[in-house]
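Report on the structure
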Amino acid sequence: MFKLEFDDEVIDAVASKIADRAYQKLTERLDAREQWPPLLNRKGLMAFLGIKENKASELLNRPDFPVIRDFGHPKVPTHLLMKWIDEHTQWVQENTEYDRWAM
């Protein structure tokens, strides 16, 4: 049987590199989120998810989708949209061009 052994110095170097990459990716995602306004209108939602009018209408009419209608035109709170995306990953993957890991 083939066996690899690493000393603590190598393990620490690899762990440090992994942690640095994870931190960089998280920072990039947080920076990308801050570029979007707190409330998205229909066109903002379409741009955010890479969808067209029909799919936007479908989403805005779903009972589980986070939409506010008090302003006359529907608005989507960006932070609740991100939560909804996490909870509905399969639907998002099948129906949008949104890539949550690219953010």
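Just so it is clear, the structure is predicted and the values come from calculations on it, not from any experiment. (Residues numbered from 1 in each chain as written. Predicted model: local features only at pLDDT ≥ 70, side-chain atom pairs only at ≥ 80, totals over all residues. Heavy atoms only, no water.)

1. A word on the packing of helix H2 (residues 42-49) against helix H3 (residues 53-60)
Heads up, the condition is: Structural elements are reduced to axes, namely lines fitted to C-alpha atoms, with helices fitted over the stretch in contact, and the angle between N-to-C directions of any two is expressed from 0 to 180 degrees. Runs of H or I in DSSP of at least four residues are treated as helices and runs of E of at least two as strands, each being numbered from the N terminus. Under this scheme an angle from 65 to 115 degrees is roughly perpendicular, one under 35 degrees roughly parallel, and one over 145 degrees roughly antiparallel; angles in between are oblique. By the convention used here, residues are in contact when the closest approach between their heavy atoms is within 4.5 Å. Residues were grouped as follows: Ala, Val, Leu, Ile, Met, Phe, Trp, Tyr, Cys and Pro as nonpolar; Asp, Glu, Lys and Arg as charged; and all remaining residues, including Gly, as polar.
One way to put it is that H2 packs onto H3 with a least axis distance of 10 Å and a crossing angle of 110°. Regarding the angle of H2 to H3, the classification is roughly perpendicular. Contacts between H2 and H3 involve Arg 42, Leu 45, Met 46 and Leu 49 from the former and Glu 53, Ala 56, Ser 57, Leu 59 and Leu 60 from the latter. Tallied by class, residues from the contact of H2 with H3 come to six nonpolar, one polar and two charged.

2. With respect to H2
For the record, the criterion: With a 1.4 Å probe rolled over the protein chains alone, any residue whose accessible area is under 20% of its type maximum counts as buried; one over 50% counts as exposed, and the rest are partly exposed.
Every buried residue of H2 is accounted for by Gly 44, Leu 45, Met 46, Phe 48 and Leu 49. Summarising the contacts, the buried residues of H2 are in contact with strand S1 (39-40), H3, strand S2 (76-77) and helix H4 (78-87). Immediately beyond the C-terminal end of H2, within one or two residues, lies Gly 50, with a positive phi of roughly 65°.

3. Things to note about a nonpolar patch on the surface
Worth spelling out the cut-off: Within this analysis, patches are made of residues with over 30% relative accessible area and no salt bridge. Like charges are joined at 9 Å or less; nonpolar side chains (Val, Leu, Ile, Met, Phe, Trp, Tyr) at 5 Å or less. Here the accessible surface of atoms and residues is derived via Shrake-Rupley with a 1.4 Å probe, and residues count as covered only by protein chains that are part of the display. Salt bridge, as used here, is a side-chain nitrogen of Lys or Arg placed within 4 Å of a carboxyl oxygen of Asp or Glu.
A cluster of nonpolar side chains, contributed by Phe 2, Leu 4, Phe 6, Val 10, Ile 11, Val 14 and Ile 18, occupies part of the molecular surface with about 750 Å² of accessible area. Tracing the backbone shows Phe 2 in the segment before helix H1 (8-34). Residue classification places Phe 2 among the exposed residues on the basis of a relative accessible area of 72%.

4. Considerations on a negative patch on the surface
Test applied: His is not counted, nor are the chain ends; Lys and Arg add positive charge and Asp and Glu add negative charge. To locate a charge, the coordinates of NZ of Lys, CZ of Arg, CG of Asp or CD of Glu are taken.
On the surface, Asp 7, Asp 8, Glu 9 and Asp 12 cluster together into a negatively charged patch. Examined against the element boundaries, Glu 9 turns out to sit in helix H1.

5. Comments concerning the packing of aromatic side chains
Centre distance and the angle of the planes are the two values used to describe a pair of aromatic rings. Spelled out, the test is: Within 6.5 Å between ring centres, the rings of Phe, Tyr and Trp (the latter by its six-membered ring) count as paired, and their orientation is classed by plane angle as stacked under 30 degrees, edge-to-face over 60, tilted in between. Throughout this description, the term charge over a ring refers to an Arg CZ or Lys NZ atom that lies within 6 Å of the ring centre and within 35 degrees of the ring normal.
One pass over the structure, following the stated rule, counts three aromatic pairs. Centroid distance Trp 36 to Phe 48: 4.9 Å. Interplanar angle 75°. Geometry classified as edge-to-face. With Trp 36 in the loop between H1 and S1 and Phe 48 in helix H2, the pair connects residues that are 12 residues apart, well separated along the chain. The exposure class of Trp 36 is partly exposed, given its relative accessible area of 27%. Judged by relative accessible area, Phe 48 falls into the buried class, the value being 6%. Note on Phe 65 and Trp 84: the rings are 4.9 Å apart at their centroids and 80° apart in plane angle, and the pair reads as edge-to-face. A residue pair is termed long-range when its members are at least 10 positions apart, and Phe 65 in the loop between H3 and S2 and Trp 84 in helix H4 qualify at 19 residues. Cluster of aromatic residues (ring-pair linked, three or more members): Phe 65, Trp 84 and Trp 91. Of note, Arg 62 hangs over the ring of Trp 91, and the distance from its end group to the ring centre comes to 5.6 Å.

By themselves, these are just geometric observations and shouldn't be taken as functional.
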